Amino acid sequence: MPVTWAEYRATAVLLGFFVANILLAVVFAGPFLDAGLQAFEDPNSSGNSVVYIALILAFTFVILYIAKKGKKWLIRAIILAAVGSTVAYVVYPVLNQSLGVDLDVAVGIAVAVAAGCVLALYKHPEWYVIDAVGLLVASGSAAVFGISLGIVPTVLLLAALAVYDAIAVYRTKHMLSLADTVIELRLPVLLVIPKVANYRFRDDAAKFKQATESNKGEREAMFMGLGDLVMPTILVVSALQFAKPDWGTLPSLGAAIGTLVGFGVLMGYVLKGRPQAGLPLLNGGAIVGFVAGVYWATGSLVFW
């Protein structure tokens, strides 16, 4: 099936989300660091990567187990609570550290914004609401973990998650089941990019059963999980935060460019009707770009 103009347009919009996510994460990193939002006491410990992966695996299988038991209302409650908490953690340090708003006032505003986002997602989970909140969550999460994980733990994390994503999509296929559940419940952990005018995600999600199978021609929107935005961007932020004095910004810039190149390769497959696991190409691109940036800055490939 030939690629349509609508698919090219949706791909360009999705690319814009990747660029916006990287820029916002870099902007958020400063106030987050000033507010003391680092998730790990020792950012350079490689054990942090193990903890992160263990949490991802545990959360994934808990969600799948709950879905298997038919308690999908509980999944929605868990995800909405997590999203609300993340929004609050993104908003208050920006208000307090960047804009000088009093801490108590900043926290109050952040809680109100988070509650508004959760209410909007619960009452009106349309694609533009999901995308707006999703971008805030993705960029905030990438910033928090970018300032919390040193270079080596981040590279190890991205490499391990690329392997895990490939196994979860091509072998065990449990990531496909998770994608189906997310879309059916209209959860704000993905981006939804319409390909047609007057698209309604709520109507589409009700009938959408196979998110990643070969029904590309029937779909009226493109979907991408927020994890595909978050993971490579962690390296962009980490490279800025933990760069050695002689590195400058080139490794971070290289990671950003590598992410976008990986996105281009990924979408080349998708537009040909061959959906792929996202993280092998996205994380791989970020790592290669980062290493190229280190070499460009120092003449050496050594970053550890």
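Residues numbered from 1 in each chain as written. Predicted model: local features only at pLDDT ≥ 70, side-chain atom pairs only at ≥ 80, totals over all residues. Heavy atoms only, no water.

Please set out the overall build of the chain residue by residue, giving values where relevant.
Assigned secondary structure in the chain consists of 11 helices and 2 strands. Mapped in sequence order, the helices and strands of the chain form the string α-α-α-α-α-α-α-β-α-β-α-α-α. When its C-alpha atoms are laid out on the principal axes, the chain stretches across 55 × 45 × 35 Å. Looking at the chain residue by residue over its 304 residues, the buried ones come to 48%. Restricting to contacts in the chain with at least 6 residues of sequence separation, those with at least 24 account for 80%. In the chain, 20 positive and 18 negative side-chain charges are present, and the distance between their average locations comes to 11 Å. (Helix = DSSP H or I, 4+ residues; strand = E, 2+ residues; numbered from the N terminus. Buried < 20%, exposed > 50% of the residue type's maximum accessible area, 1.4 Å probe, protein only. Contact = heavy atoms within 4.5 Å. Lys, Arg positive; Asp, Glu negative; His and termini not counted. Charge placed at Lys NZ, Arg CZ, Asp CG, Glu CD.)

Got a sec to walk through the side chain of Ser141? Specific residues and values, please.
The topology assignment puts Ser141 in helix α5 (residues 127-146). Since its relative accessible area comes to 19%, Ser141 is described here as buried. Of the polar contacts made by the side chain of Ser141, one reaches the backbone oxygen of Val137; its length is 2.8 Å. With near-sequence residues (within four places) excluded, Ser141 lies in contact with Thr86 and Val230. (Polar contact = N/O pair within 3.5 Å; in protein donor to acceptor, adjacent residues only side chain to side chain.)

Give me the lowdown on the packing of helix α3 (residues 72-98) against helix α4 (residues 103-123), citing residues and values where you can.
Relative to each other, α3 and α4 sit at 145°, their axes nearing to 8 Å. Between α3 and α4 lies a crossing whose hand is right-handed. Residue-level inspection shows Arg76, Leu80, Val83, Gly84, Val87, Ala88, Val91, Tyr92, Leu95 and Asn96 of α3 in contact with α4, the latter providing Leu103, Ala106, Val107, Ile109, Ala110, Val113, Ala114, Cys117, Val118, Leu121 and Tyr122. Residues belonging to the contact of α3 with α4 are distributed by class as follows: 18 nonpolar, 2 polar and 1 charged. (Axes fitted to C-alpha atoms, helices over the stretch in contact; angles between N-to-C directions. Left-handed = near helix turned anticlockwise from the far one by under 90°. Nonpolar A, V, L, I, M, F, W, Y, C, P; charged D, E, K, R; others polar.)

Report on the pairing of strand β2 (residues 221-225), specifying residues and quantitative values.
With 4 of 5 residues buried, β2 is to be regarded as a mostly interior element. The sheet contact formed by strand β1 (residues 190-194) and β2 spans 5 bridges and is antiparallel. The residue of β2 that forms the bridge with Pro194 is Ala221. (Pairing = 2+ DSSP bridges.)

Talk me through the nonpolar core; I want residue IDs and the actual numbers.
By size, the foremost hydrophobic cluster in this structure holds 73 residues, and its most contacted members are Phe32, Ile75, Val87, Phe223 and Met224. For this core, the element with the most residues is α3, which contributes 11 residues. Of all hydrophobic cores here, the second largest spans 16 residues; its members include Ile22, Leu235, Trp247 and Ile287. (Core = buried A, V, L, I, M, F, W, Y, C linked by side-chain atoms within 4.5 Å.)

Outline the pattern of salt bridges, listing residues and values.
Taken as a whole and judged by the stated rule, the model has 1 salt bridge. For the salt bridge of Lys195 with Glu7, the shortest nitrogen-to-oxygen distance reads 3.5 Å. You can see Lys195 sitting in the loop between β1 and α8 (201-207) and its partner Glu7 sitting in helix α1 (residues 5-34), a full 188 residues away along the chain. Classification of Lys195 as buried rests on a relative accessible area of 9%. The exposure class assigned to Glu7 is buried, which follows from its relative accessible area of 4%. (Salt bridge = Lys/Arg side-chain N within 4 Å of Asp/Glu carboxyl O.)

Could you give me a rundown of helix α11 (residues 278-298), with the residues and numbers involved?
When the terminal C-alpha atoms of α11 are compared, their 30 Å separation across 21 residues agrees well with the 30 Å that a helix rising 1.5 Å per residue should span. Regarding α11, the residues found buried are Gly278, Leu279, Leu282, Asn283, Gly285, Ala286, Ile287, Gly289, Phe290, Val291, Gly293 and Val294. Close packing links the buried residues of α11 with α1, α6 (151-170), α9 (226-241) and α10 (250-271). (Expected span 1.5 Å × (residues − 1).)

Give me the lowdown on the environment of Ala35, citing residues and values where you can.
Following the sequence through the fold, Ala35 ends up in the loop between α1 and α2 (47-68). Given the relative accessible area of 25%, Ala35 is considered partly exposed. Sequence separation between Ala35 and Asn96 is 61 residues, and the spatial gap between their C-alpha atoms is 8.4 Å.

How would you sum up the confidence of the model for the chain? Please name residues and give values.
Summing up the model confidence of the chain, the mean pLDDT is 88 and the portion of residues at 70 or higher is 94%. In this model, residues 209-217 is a region of pLDDT below 50 whose contacts with residues beyond four sequence positions or in other chains number 20 contacts. (pLDDT = per-residue confidence, 0-100.)

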